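Analysis of the macromolecular model
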Amino acid sequence: MCGIVGFYGPDDVAHDIVFGLTALQHRGQDAAGIATFDDNFHLCKGNGLIADVFKPKQLKKLKGNIGIGHARYTTQGSNDAELAQPFTTSYPFGLAMVHNGNVINFRSAAKRLHEKYHVLPKTSNDLELIMYTFASELRLKNLDNLSVIDIFDAVETTQELVKGAYATITIIAGHGLLAFNDPLGIRPLVLGRRETENGPIYAFASESTCFDYLGFEFIKNVGPGQAVFIDKNYKVHYKNPYSLPKAFCVFEHIYFAREDSTIHGRLVARERVRLGKILARKVIESGIQPDMVIDVPSSGYFAASGLAEAIGVPYRRALVKNNHMGRSFIVSSQAGREDIVKKKLNPIREFVEGKKIAVVDDSIVRGTTSRRIVRILREAGAKEVYFISSAPPIVSPCIYGIDMAMSTELIAANYTEEEICRYIEADKVIYQSIDDLKELFSEERGNGGNCFACFTGQYPTGDVTKYLRHIQEERQSHRGDKKNSSAEPVASVSAKAPAPTEH
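Please read all numbers here as calculations on a predicted model, not as lab measurements.

With respect to the UniProt feature "binding site: Mg(2+)" (unreviewed entry) in the protein
Following the UniProt record, the feature "binding site: Mg(2+)" (unreviewed entry) maps to S299, D361 and D362 here. Separation in sequence by 64 residues is not matched in space for these annotated residues, since their most distant C-alpha atoms are only 7.1 Å apart. Relative to the helices and strands, S299 resides in the loop between strand 17 (292-295) and helix 10 (301-311). Polar contacts involving the side chain of S299 include one to the side chain of D362, which spans 2.6 Å. Structurally, D362 can be placed in the loop between strand 20 (356-361) and helix 13 (368-379).

In structure tokens:
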């Protein structure tokens, strides 16, 4: 999962790009990059947060009225600075591209690229594959008289050849700014516009919250398989979306997107409140009677408040977050995640002591972070701790751009709710119902289709067995662990319930 932006207007766009990326910092903290264009490409990228990578000295060099930016969250490969986006190529015309997502047929697509077009990608980064596939198709056109139809034809062939989830933004030097999605529309991308004294400036972004900060008017979501091209006269051209059903990632609503973003007409904060309210039935049926409901900040807040309202129990913010720590979910190692949880959450003892606490989090992935939170609350004097997930059990890894580990590391894929409850040391564990989640985001409620693969194992791109095997091979190679084909338990909850491996 990453954050991407693209701007095109009459004036320099570097500062808009930086502010836009800052609004998307929650989507990626590993690296950041910006490319702008006037007569040449100007590129600045490196590891770290937006504020660390882009200093006033660098911004002065990023000249141009067209530009793109990227905040990286590593799902595959290393965190080498050379893998930071954007990527550029000089032919045809000069292209610079960013993307958010994950390609699932990298090996076969790279082989075709090499055999048919004699192009050998230098890295294993998905973006390079998408960029060179698009560039190879574009160079087959009449480059002396390139038309919008030619550009959209090259996009369509790229979408047919590259499988997976991706939202992309591309500068075509001297021609304009292009954005397109995968045919299922798994990853988010929105288009906005702001009027200036010198004319309109257009923007693409992963989330609408960018537009709120920068004073842009929301125009539309870039639909599944759709392409949008803004030419050098600032005319907007649209390629019709695919007829395939939409499969937008539901986890964006549950966790990843900012709560003040609107996705496909649905305010994220409001949907998270609804997630909490529909949990009330399961909480009541369980027979627990909490004294208060609290959240794991920040993504658990709205679900917790919705649950508290529905069951008539006070809501309190009893875990205080150090906002200068990163999001533990997107830290690459388990040790790093545990360390962040220890340092970023501090309980308010006066609220917790002697109380039966229902603590709501967005999800339970490996279980180790959840266990640490339960321990923090017990150490603060909680009488009982009920751990409630606003997401259903995660039983399958996400292959579309969220690093949810392999199924051997997903606690719900290998253990019952009772075993999970013992492992995280809670008095009760309650999950969201997958049926309730599907109902909330059903087509009848105006959503138009979602991907629920991490909860069901049913992937919208079809059979992904080979790709899952490739991921496991790469991760084992990266860890230097080629002896075992699956994760081994390292501790025991009981004689019958071994704890999952803490990766």
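From this point, the discussion proceeds with the structure in view.
So, the packing of aromatic side chains
Across all of its chains, the model carries 13 aromatic pairs by this definition. Ring centres of Y400 and Y459 lie 6.2 Å apart, and the angle between their planes is 70°; on these two criteria the pair is classed as edge-to-face. With a gap of 59 residues between them, Y400 in the loop between strand 21 (384-389) and helix 14 (411-414) and Y459 in the loop between helix 17 (453-456) and helix 18 (465-479) connect regions that are remote in the sequence. Neither Y400 nor Y459 differs from the other in exposure class; each is buried. Three or more aromatic residues joined by ring pairs form one cluster here, namely Y73, F251, Y255, F256 and F455. One Lys or Arg, K438, reaches over the ring of F452 and ends 5.8 Å from the middle of that ring.

Structural notes on helix 9 (residues 268-286)
Spanning 19 residues, helix 9 covers 28 Å between terminal C-alpha atoms, matching the ideal 27 Å at 1.5 Å per step. Along helix 9, the positions that sit buried rather than exposed are V268, A269, E271, R272, V273, L275, G276, L279, A280 and V283. At the exit of helix 9 stands G287, carrying a positive phi of roughly 85°.

Description of the confidence of the model for the protein
Taken over all residues, the pLDDT of the protein has a mean of 89, while the share at 70 or more is 87%. Contacts from residues 481-503, a stretch scored under 50 in pLDDT, to residues over four places away or in other chains number 52 contacts.

Notes on the environment of R139
Looking at the element boundaries, R139 is found in the loop between helix 5 (126-138) and helix 6 (148-161). Classification of R139 by relative accessible area gives partly exposed; the value is 30%. Residues R139 and P92, 47 residues apart in the sequence, show an inter-C-alpha distance of 5.9 Å. For R139, the contacting residues outside a window of four places in its chain are Y91, P92 and Y117. A polar side-chain atom of R139 sits 3.2 Å from the main-chain carbonyl oxygen of Y117.

Examining the sheet that holds strand 4 (residues 66-72)
In space, the seven strands of this open sheet follow the order 3-2-4-1-10-9-11, with antiparallel pairing throughout. Of all strands in the sheet, those with a lone pairing partner are strand 3 (41-47) and strand 11 (217-221), marking the two edges. Going from strand to strand, the sheet's axes swing by 15° on average, the running direction of each strand aside. The sheet contact formed by strand 1 (residues 3-8) and strand 4 spans six bridges and is antiparallel. Within strand 4, the residue paired with Y8 across the bridge is I66.

Examining unusual backbone geometry
In this structure, P92 follows Y91 across a cis peptide bond, with omega equal to -5°. Residue placement: P92 occurs in the loop between strand 5 (87-89) and strand 6 (95-103). Along the chain, P297 connects to S298 via a cis peptide bond; the corresponding omega equals 5°. Looking at where S298 falls in the secondary structure, it is placed in the loop between strand 17 and helix 10. A positive phi angle, close to 50°, is found at H264, a residue other than glycine. For H264, the position within the fold is in the loop between strand 15 (262-263) and strand 16 (266-267).

Digging into the pattern of salt bridges
All told, the structure shown has 14 salt bridges when counted by the stated rule. The partner of E252 in a salt bridge is R27, and the shortest N-O contact between them spans 2.8 Å. Within this pair, whereas E252 is found in helix 8 (residues 251-256), its partner R27 is found in the loop between helix 1 (14-23) and strand 2 (31-37), the two being separated by 225 residues in sequence. With respect to class, E252 is no different from R27; both count as buried. A salt bridge links R274 to E271; the nearest nitrogen and oxygen atoms lie 2.9 Å apart. You can see R274 and its partner E271 sitting in helix 9, three residues apart, about one turn around the helix.

Topic: the pairing of strand 10 (residues 199-205)
Within strand 10, seven of the seven residues are buried, which leaves it mostly tucked inside the rest of the structure. As judged from the four bridges shared by strand 1 and strand 10, these two strands associate in the antiparallel manner. Across the sheet, the residue bridging to G6 is F204, located in strand 10. Of the pairings in the sheet, the one linking strand 9 (residues 190-196) to strand 10 comprises seven bridges and is antiparallel in character. Its bridge partner being in strand 10, T196 is matched across the sheet by G199.

Parameters and conventions
- Residues numbered from 1 in each chain as written.
- Predicted model: local features only at pLDDT ≥ 70, side-chain atom pairs only at ≥ 80, totals over all residues.
- Heavy atoms only, no water.
- UniProt positions renumbered as here; feature names shortened; annotations may be inferred.
- Helix = DSSP H or I, 4+ residues; strand = E, 2+ residues; numbered from the N terminus.
- Polar contact = N/O pair within 3.5 Å; in protein donor to acceptor, adjacent residues only side chain to side chain.
- Phe/Tyr/Trp six-rings, centres within 6.5 Å; stacked < 30°, edge-to-face > 60°.
- Buried < 20%, exposed > 50% of the residue type's maximum accessible area, 1.4 Å probe, protein only.
- Lys NZ or Arg CZ within 6 Å of the ring centre and 35° of its normal.
- Expected span 1.5 Å × (residues − 1).
- pLDDT = per-residue confidence, 0-100.
- Contact = heavy atoms within 4.5 Å.
- Pairing = 2+ DSSP bridges.
- Axes fitted to C-alpha atoms, helices over the stretch in contact; angles between N-to-C directions.
- Salt bridge = Lys/Arg side-chain N within 4 Å of Asp/Glu carboxyl O.

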